[in-house]
Structure formats: structure tokens, C-alpha cells
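As a plain string of letters, each chain reads:
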Amino acid sequence: MIHKKWPVLAVSLLVLAGCGEEQGAPPEEKNPPAEEVGNEKEETDKVEKTIESKEQQVNEEEKEEQKIADEPQYRINPANWSVQPIAAADEKVVLVTIDDAPDKHALEMAELLKKQGIPAIFFVNGHFLDTDEEKQQLKQLHDMGFAIGNHTNSHPNLRDLPEQQQEEEILLLNKTVEDIIGEKPKFFRAPHGANTDFSKQLVEQEGMVLMNWTYGYDWEQQYRDAQSLTDIMVNSEFLNNGANLLMHDREWTSEALPGIIQGLKDKGYGFVDPEDIEGR
């Protein structure tokens, strides 16, 4: 009887051994051959290098595009005060400028231009910056993205002034504007377009762009209503590529501005951003 129990006992031991293998920790996985590990690492390195190379190429292309975008696209032609394209910039453009600001209508004109995405230069006078309200209006113009130009402190004819007073007229306004918006004007336009040799030299020393205009009509009696002013600004014989358009902070000009902008658009003109004009 004792001998008969041995086969059963042996079978039981084999079964228990099998269960132990199933319930215990899984058998250790065999490591892949060193050659396979090396190949995988090499492929991973290649992929990472390719990605880095493409990222570097994209960054370099973006930098180059930004560099081109930051370069001046236009310059002022002192022969006729038009805006001339540099390299491949669009030729069929005009520059919008508003003088004698901020008087009574500059903000509403700016809001219209801003809504339509039209850039412009607002040439300001010191006698329109006496009060806190007027200074706030100038700050609003600047905060809306419009360029600010120097149109002298009290709007005199510079040719009637000695050099010291010419200097005061220009530099005092520069300081006033800088105190309000944190930067000096980039552009200078003399009242009546009357520059002197001294004012030209001073403007250059101050690093400003000297500017006059191609045409403007809103100070003439016959164009002091919206309809006639719109018609002449859009259909003037002087309207051409790069025209430097002179307008003023006036009621009739503000009323005419929507029609002027639309008329210029209908004729296929774009609008120069003053930021794209070459500085000193």
C-alpha cells in the first residue's frame, strides 16, 4: 500500500510546482540583443536631429520675414513730398495726414479711420495741448495707433521768426508731446509749408522726417462742405501714386472723410502706414 501512494504523490508535487509558477512573479523578459538597441537609438537620434533641423529652418525663415517686415517700405521724396516705395512695396498708395490736431474733431476722425483700418499721421500744435482734456485726446490718438507729427507749438510762419524762436516752436512741442505719449514725434510739417534752412537743419538734428504735402483743399472757402471737399480730394488732378494728402481737424473735413476714404478705395488706392516710412 505504501508503494502505491508514490505515483499519486509525484503527480501532486508536479501540479503544485505548476501552480507556483503561475502565481509567482512573471519570468524575467529577455533583453533584446545589443545590436537592436543600438539601431533603435540611432533611429531616434536621426528623428530628433531632423526635427531640430526643421525647427531651426522655420525659425530662421520667420526671423528673415520679420526682418523684411521691419525694414522701411517707403521714403518721402523731397522733390514733391510724395511717398515713394522702396524695393517691392506697393506703388498705388496714398498717405493720409491730419493737421491742427487735436482741436474739435480729431478723435471722431481717428475713430472712423481706425474702424476702417486706415493709418494716418496727426500733426499736432502746442496750443491744442493746454488742458488735461486735450492732452488726454492726444494720448488717445497715440494709443489708437496713429503716428503723431510736430506742427509747431503755436502755428506761426517760421520764415517770420528769428532762429531762436523757430527752435523754441519746434523743440517745445517735441517736449510736450514726449511728456504726454512717451516719445517724440517722428515727423515734422511746418505751418503753411514754410520751412527755413534753419528749421530743416534742426529737424534733421532731432531725427525727424521733414514733410510737406502733395495736395489739400479744406482751408479754401469753396471746399468747406463735405460734398465739394469729397469730390476734389478724390478727383483732383494731383491724385497719383504716393500722394501725400493734407487735411485738417475741421467739421467739414470730418464729415467728408468717409466719402474721401471710400472714393480712394474705389480707385484702387491703398494707404501707407507711417510706421513703414523711412526715418532719419
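Residues numbered from 1 in each chain as written. Predicted model: local features only at pLDDT ≥ 70, side-chain atom pairs only at ≥ 80, totals over all residues. Heavy atoms only, no water.

### Description of the environment of Arg 189
Next, step 1: Here Arg 189 is to be found in the loop between strand S6 (187–188) and helix H6 (197–205).
Next, step 2: Looking at Arg 189, the relative accessible area reads 0%, which means it is buried.
Next, step 3: Counting along the chain gives 19 residues from Arg 189 to Met 208, while the straight-line C-alpha distance between them is 9.9 Å.
Next, step 4: Not counting chain neighbours up to four residues away, the residues in contact with Arg 189 comprise Thr 97, Asp 99, Phe 123, Asn 150, His 151, Met 211, Asn 212, Trp 213, Asn 244 and Leu 246.
Next, step 5: A polar contact is formed between the side chain of Arg 189 and the side chain of Asp 99, at a distance of 2.7 Å.
Next, step 6: At 2.7 Å, the side chain of Arg 189 and the backbone oxygen of Asn 212 are in polar contact. (Helix = DSSP H or I, 4+ residues; strand = E, 2+ residues; numbered from the N terminus. Buried < 20%, exposed > 50% of the residue type's maximum accessible area, 1.4 Å probe, protein only. Contact = heavy atoms within 4.5 Å. Polar contact = N/O pair within 3.5 Å; in protein donor to acceptor, adjacent residues only side chain to side chain.)

### Thoughts on the packing of helix H7 (residues 226–235) against helix H8 (residues 251–266)
Next, step 1: Two elements in contact, H7 and H8, have axes separated by 8 Å at closest approach and are oriented at 35°. At the point where H7 passes H8, the crossing takes the right-handed sense. In this structure, H7 contributes Ala 226, Leu 229, Thr 230, Met 233 and Val 234 to the contact, and H8 contributes Trp 252, Thr 253, Glu 255, Ala 256, Gly 259, Ile 260, Gly 263 and Leu 264.
Next, step 2: Residues of the contact of H7 with H8, tallied by class, amount to eight nonpolar, four polar and one charged. (Axes fitted to C-alpha atoms, helices over the stretch in contact; angles between N-to-C directions. Left-handed = near helix turned anticlockwise from the far one by under 90°. Nonpolar A, V, L, I, M, F, W, Y, C, P; charged D, E, K, R; others polar.)

### A few points about the packing of aromatic side chains
Next, step 1: Across all of its chains, the model carries four aromatic pairs by this definition.
Next, step 2: With a centroid separation of 5.3 Å and an interplanar angle of 75°, the aromatic rings of Phe 122 and Phe 146 are classed as edge-to-face. Here Phe 122 is found in strand S4 (residues 121–124), whereas its partner Phe 146 is found in the loop between helix H4 (132–143) and strand S5 (147–150), with 24 residues between them in sequence. Across this residue pair, the class does not change: Phe 122 and Phe 146 are buried. (Phe/Tyr/Trp six-rings, centres within 6.5 Å; stacked < 30°, edge-to-face > 60°.)

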